[in-house]
Amino acid sequence: MSGSSSNILFITSDQHSHRYLGNRPAHNGGEDVDTPTLDQLEDNSTSFDSTYCATPLCTPSRLSLLTGKRAPNADAWGNSSLLQPDLETFPETLSNAGYETCLIGKMHLGGNRQFAGFDHRPYGDLTGNTGHQMEPPNRSLGEQGPDWEALVTDVGNTDIPESLLQERNVIAESMSFLREHEYANPDQPWALCASFSRPHWPRTAPERFFDKYWQGGVSEPRIVEGADTDEHPLIAEQKELTAGVTHDDAMRARAAYFACVEYLDELIGDFLAALDRDGFLDDTIVVYTSDHGEMAGEHGLWDKCTYHESSTRVPLFVQTPEHRTDDLEPSRFERPVNLIDLYPTLCNLVGVTPPKDLDGTNLSASIVNEEEPERGPVMTDCFATPGAPATDYRMVRDGDYKYVRFRDAPELLFNVEEDPLETENLAEEPRDDDAEALESLRNVVRESLDFEETLEQKEKAAQLKDEYRLGAYRGGPNQYHLPDGRVIDADTPIYHPDVVAEEPDVIFDDFEEP
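Residues numbered from 1 in each chain as written. Predicted model: local features only at pLDDT ≥ 70, side-chain atom pairs only at ≥ 80, totals over all residues. Heavy atoms only, no water.

Caption draft 1: Summary view of the overall build of the protein. For the protein, the count of helices and strands is 16 helices and 21 strands. Over its C-alpha atoms the protein spans a radius of gyration of 22 Å, differing by no more than 12% from the 24 Å that the globule rule assigns to 514 residues. Judged by the C-alpha coordinates and their principal axes, the protein covers about 75 × 55 × 50 Å. Here the protein holds 514 residues, and the buried ones make up 58% of them. For the protein, the proportion of contacts with a sequence separation of at least 24, taken over those separated by at least 6, is 73%. Working note: accessible area of the protein is about 21100 Å², and carbon and sulfur atoms make up 45% of it. Here the protein contributes 41 positively and 100 negatively charged side chains, and the mean placements of these two sets differ by 4 Å. (Helix = DSSP H or I, 4+ residues; strand = E, 2+ residues; numbered from the N terminus. Rg over C-alpha atoms; globule rule 2.2 N^0.38 Å. Buried < 20%, exposed > 50% of the residue type's maximum accessible area, 1.4 Å probe, protein only. Contact = heavy atoms within 4.5 Å. Areas by Shrake-Rupley, 256 points an atom, 1.4 Å probe, with all protein chains shown as cover. Lys, Arg positive; Asp, Glu negative; His and termini not counted. Charge placed at Lys NZ, Arg CZ, Asp CG, Glu CD.)

Okay, structure coming up:
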């Protein structure tokens, strides 16, 4: 089976909900989107069908994933949180064990600790500027923060040439890293994280994808109103952010999100084909996942930060070399797991000893021996909700039940097997099995989290921002780290172009409008 010589290809996207996979049927919560590449990968992998992020928000989710720790233990509070200097990361563990490690693309890290334990970082959001290439003019992201309504309405076809899109650069730079590594260190194992920005907003895609879903029709959100939680403080605060979005706006944004998912699938297909052609998959473990989900209009909500399945649940596929040679059967597990489990799992798959203080669970036996995961309750936290700190929460999934405890808001309980859209709050009048589950999950939160302590931890962690602040201006969404040491903006042609002519007929005598 996979051993100490196996390479690791860790492919991650941003904001890809578990619902948006072609393999997921409608009766199991799936949406009608085409993802042939990811479908094929899932069909020949170990798939963890109920995978939850540690936090449904970019930076804290990634900090938890990198460190194998739940949000409070990783000081992963919000998008301005920093990677704590005393926390070891999984690329650091692999590097110390002899791997050459590389991160290419988005990681949304704050401050000046941008390598996060990786040996190389040639391209990506190297100044912590999120990596999202907003479409000019950039009215959706202002100095006061995101214009959430504009992020839903400013969608559609991308005006950026595909060759300049972050995702294409991730593929090109990833192939370059691997070829250079093969030339210089052919006997050294490698671990590459290729991190894509889509389907996260700006929710723009090439015309061939957007037109497919907008002109061809797109499904309505599964539920918009009528849930017990419609008036819950967290939901009310989140809805207020996009209160002016019309039904037509919402449907157009859904079409754009579908388009971004399928475009991502095409990109990953191109990437895997090139890797396979050049032999880089021969002894490589391939992982696909995303940092959190997307509500896409469900419950009248957009983006993330809520406890809902669409916000907190993501795809997770692990494909070993033995899967590709048919020496290991593909398998699918329904028992809930968490992204923090990847750290110990990947280490164990390649024979590397992980740190002993991780919060994640080693799932390698599920992958290698097809054994049901041995894992206790899965937890998801959010300490950066619109109504924080009152609506800070810890969510616990155990068996059929999901429980959400807030700092200062009504608790919630759902049977997600019987009520997958989370419309009925069983905590209001619990009976029999529901009452037993409620008390059990209340105890899990009581014993694992002190909300008052988290406030003190957040304040203490914030003091590090000055010590580890970035020493240069942030620049555009992405940068290159050149071999001579310079860090230069990668997106200058998009945001600060050297315009040769304002109109094409100044240069071209034979140009005709299509």
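Caption draft 2: Up close: the environment of Ala384. Considering the arrangement of structural elements, one finds Ala384 in the loop between β16 (378-382) and β17 (393-398). Those residues in contact with Ala384, other than ones at most four positions away along the chain, are Leu57, Trp77, Gly78, Cys305 and Asp392.

Caption draft 3: The arrangement of the side chain of Ser174 in detail. Checked against the element boundaries, Ser174 lands in helix α5 (residues 166-184). Setting aside chain neighbours within four positions, we find Ser174 in contact with Ile104, Leu192, Ala194 and Phe271.

Caption draft 4: Layout of the sheet that holds strand β15 (residues 337-338). Taken together, 3 strands build an open sheet; the order of strands is β12-β3-β15 and the sheet is mixed. With partners counted over all chains shown, the strands left at the sheet margins are β12 (313-314) and β15, one partner each. Pairing of strand β3 (residues 51-52) with β12, which is carried by 2 bridges, proceeds in the antiparallel orientation. If you follow Thr51 over to β12, its bridge partner there is Val314. (Pairing = 2+ DSSP bridges.)

Caption draft 5: Broad picture of the environment of Gly387. Mapped onto the elements of the fold, Gly387 is located in the loop between β16 and β17. C-alpha of Gly387 to C-alpha of Ile104: the two residues are 283 residues apart in sequence and 34 Å apart in space.

Caption draft 6: Representation of the sheet that holds strand β4 (residues 100-105). The 10 strands are arranged β14-β2-β13-β11-β1-β9-β4-β5-β20-β21 in an open sheet whose pairing can be described as mixed. The open sheet has two edge strands with one neighbour each: β14 (331-333) and β21 (487-489). Averaged over all pairs of adjacent strands, the angle between their axes in this sheet comes to 15°, without regard to strand direction. Where strand β2 (residues 46-48) meets β14, 3 bridges bridge the pair, whose relative direction is parallel. Following the sheet pairing, Phe48 is matched in β14 by Phe333. Running at roughly 165° to strand β1 (residues 7-14), helix α2 (residues 58-67) makes contact with β1 and β9 (190-199) of the sheet. (Axes fitted to C-alpha atoms, helices over the stretch in contact; angles between N-to-C directions.)

Caption draft 7: Up close: the packing of aromatic side chains. Within this structure, the stated rule accounts for 16 aromatic pairs. Consider the rings of Phe196 and Phe271, whose centres lie 6.4 Å apart with planes at 75°: the pair is edge-to-face. With a gap of 75 residues between them, Phe196 in strand β9 and Phe271 in helix α8 (residues 247-277) connect regions that are remote in the sequence. The exposure class assigned to Phe196 is buried, which follows from its relative accessible area of 0%. We note Arg252 situated over the ring of Trp214; from NZ or CZ to the ring centre the distance is 5.6 Å. (Phe/Tyr/Trp six-rings, centres within 6.5 Å; stacked < 30°, edge-to-face > 60°. Lys NZ or Arg CZ within 6 Å of the ring centre and 35° of its normal.)

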